[in-house]
Amino acid sequence: MTQPRQFVIEADGGSRGNPGPAGYGAVVIDPVTGETLAEAAEYIGVATNNVAEYKGLIAGLKAAKALVPDASADGAVQVRVRMDSKLVVEQMSGRWKIKHPDMKPLAAEAARILPASAVTYEWIPREKNKHADRLANEAMDAGRRGKQWQPSASTAALDVPRPSATADLPPVSGPPGDAAAGAAKARAALASRPGAASPAAPRVGWGAAPDLGAPATFVLLRHGETALTPEKRFSGSGGSDPELSAAGRHQAERIAQSLAARSTIEEIVSSPLRRCRETAAAVAARLGLEVRIEDGLRETDFGAWEGLTFAEVRERYGPDLDAWLASAKAAPTGGGESFAEVARRVSATRDRLITRYAGRTVLLVTHVTPIKTLIRLALGAPPEALFRMELSAASVSAVAYYADGNASVRLLNDTSHLR
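Residues numbered from 1 in each chain as written. Predicted model: local features only at pLDDT ≥ 70, side-chain atom pairs only at ≥ 80, totals over all residues. Heavy atoms only, no water.

- Naming follows an unreviewed UniProt entry, where the protein appears as Probable phosphoglycerate mutase of Streptomyces atratus.

### Here's the deal with the environment of A394
Item 1. Mapped onto the fold, A394 is located in the loop between α12 (368–379) and β10 (396–401).
Item 2. Sequence spacing of A394 and H223 is 171 residues, and the spatial spacing of their C-alpha atoms is 5.1 Å.
Item 3. Excluding its chain neighbours within four sequence positions, the residues that come into contact with A394 are L221, R222, H223, G224, Q251, D414, H417 and L418. (Helix = DSSP H or I, 4+ residues; strand = E, 2+ residues; numbered from the N terminus. Contact = heavy atoms within 4.5 Å.)

### Examining the packing of aromatic side chains
Item 1. With the rule as written, the count across this model stands at eight aromatic pairs.
Item 2. By way of ring pairs, the aromatic residues F234, F302, W305, W324, F339 and F387 are connected into one cluster. (Phe/Tyr/Trp six-rings, centres within 6.5 Å; stacked < 30°, edge-to-face > 60°.)

### Focus on the pattern of salt bridges
Item 1. In total, this model carries 23 salt bridges according to the counting rule given.
Item 2. When the shortest N-O distance is used, the salt bridge between E122 and R80 registers 2.7 Å. Placement of E122 in strand β5 (residues 119–123) and of R80 in strand β4 (residues 77–83) is noted, with a sequence separation of 42 residues between them.
Item 3. The partner of R298 in a salt bridge is D295, and the shortest N-O contact between them spans 2.7 Å. (Salt bridge = Lys/Arg side-chain N within 4 Å of Asp/Glu carboxyl O.)

### Quick look at helix α11 (residues 339–356)
Item 1. Counted at 1.5 Å a residue, the expected span for α11 with its 18 residues is 26 Å, and the 25 Å between its end C-alpha atoms agrees.
Item 2. Taken as a whole, α11 has its buried residues at F339, A340, V342, A343, R345, V346, S347, T349, R350 and L353.
Item 3. Looking at the buried residues of α11, the elements they touch are β3 (36–47), β6 (216–222), α10 (318–326), β9 (361–366), α12 and β10. (Expected span 1.5 Å × (residues − 1). Buried < 20%, exposed > 50% of the residue type's maximum accessible area, 1.4 Å probe, protein only.)

### Some details on the sheet that holds strand β7 (residues 267–270)
Item 1. As summarised here, the arrangement of the six strands in space is β8-β7-β9-β6-β10-β11, forming an open sheet in which the pairing is mixed. At either margin of the open sheet sits one strand with a lone partner, and together these are β8 (291–293) and β11 (407–414). Mean inter-strand twist for the sheet, computed between neighbouring axes without regard to direction, equals 20°.
Item 2. As paired strands, β7 and β8 are joined by three bridges and run parallel to one another. From the neighbouring strand, V269 faces β8, where its bridge partner is R292. (Pairing = 2+ DSSP bridges. Axes fitted to C-alpha atoms, helices over the stretch in contact; angles between N-to-C directions.)

### Describing the sheet that holds strand β2 (residues 20–29)
Note on sheets: strands pair through backbone hydrogen bonds, and any given pair is parallel or antiparallel.
Item 1. Ordered in space as β3-β2-β1-β4-β5, the five strands form an open sheet in which the pairing is mixed. Pairing within the sheet leaves two strands with one partner each, and these edge strands are β3 and β5. Taking the axes of each pair of neighbouring strands and ignoring which way they run, one obtains an average angle of 20° across the sheet.
Item 2. Where strand β1 (residues 5–15) meets β4, seven bridges bridge the pair, whose relative direction is parallel. Note that in β4 the partner of R5 across the bridge is V77.
Item 3. Along the sheet face, helix α4 (residues 130–144) touches β1, β2 and β3 and points at about 140° away from the line of β2.

### Quick word on the UniProt feature "active site" (unreviewed entry) in the protein
Item 1. Within the UniProt annotation, "active site" (unreviewed entry) is assigned to H223 and E299. Annotated residues spanning 77 residues; largest pairwise C-alpha distance 11.0 Å, indicating a single compact cluster.
Item 2. For H223, the residues in contact, after removing those within four places along its chain, are R275, C276, T279, T366, H367, A393 and A394.
Item 3. With respect to the element layout, E299 can be found in the loop between β8 and α9 (310–316).
Item 4. Here E299 is in contact with S235, G236, S237, L273, R275, E337, R345, H367, V368, T369 and P370, once residues within four sequence places are set aside. (UniProt positions renumbered as here; feature names shortened; annotations may be inferred.)

What follows is the structure, given as structure tokens:
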């Protein structure tokens, strides 16, 4: 009876911001010789650590499958996956439930690549996952330069003492070789394919990078005042959808004049809520532009807190308010939206708009939480930073998004046009 081909897969993923610019790395290893049989890495744009880790697993499994023509047949391969992600290892082993909606399709995709009986999972400490970690970082570094990772430019395998890393694996038969030679062969094979890139040229000057072109620039405008604004009442997407007050309409006209004088806005996108649509309409009338509605820019649903002051919420729902202040995962009373949920919605909307408006300057007319979330994510700041930013009615902020996945905060809470 033919013995199954045996492989070790080491996989990792990372995000510089979580979510932030992300990438993954995966390596397929011969468990006897430590030979690197295949490497995979990719910059995937803005994502979380967990998404990047799952994508690294998927890439590793696909790379192993590609090494055996009949890998999908029972008994053809035996794969041992080693990762420093406890979440991925436990979820793919069936010991932890997969609750997050972003993880479920990734886990399902990973499970389809090879027969379940052919794959086992093992958690390893990060220091034993250096090869995959280095590949993931190479991919993120490439993304920062506006490029994709190329195997011909990688040095990840050369930095890993493979024999000690695999000394605890069971002996199986396999071809002779060493880590450096195996990596070189894999890179040579990939580099010989049509369209493969040559090794990366050295940088010129201090931190020099290629010209990434004009960024997608989002000018973030908070809507003008409503009757609820001066009273500092919770006003989200689950309440009465108030209109602009007289003061709010005046603010909208002032910002419209200011933006018309600058002549930099090329497109206008607005939250569907009335106060934003009215603010956006005032600007659009001055600039001669149309307004596109984007549901992802709506304000947080504050549930039972809608229309209440902070003091009233404290009196009626004290424990729920304490939980909300302590954790981004806690939602307002009565089925409201947590800041973590808002962040997922806003980041997905941001990614769509960056793609749609690459190289253009776009006015996003939206609310306190979406604007603060975009600023926080651009800075890589923790969720509690939301409570440490001031954002006035009709204020302007700005973030530029470059092709390498990095963001630059240009402005925050500018109200000079209202003076």
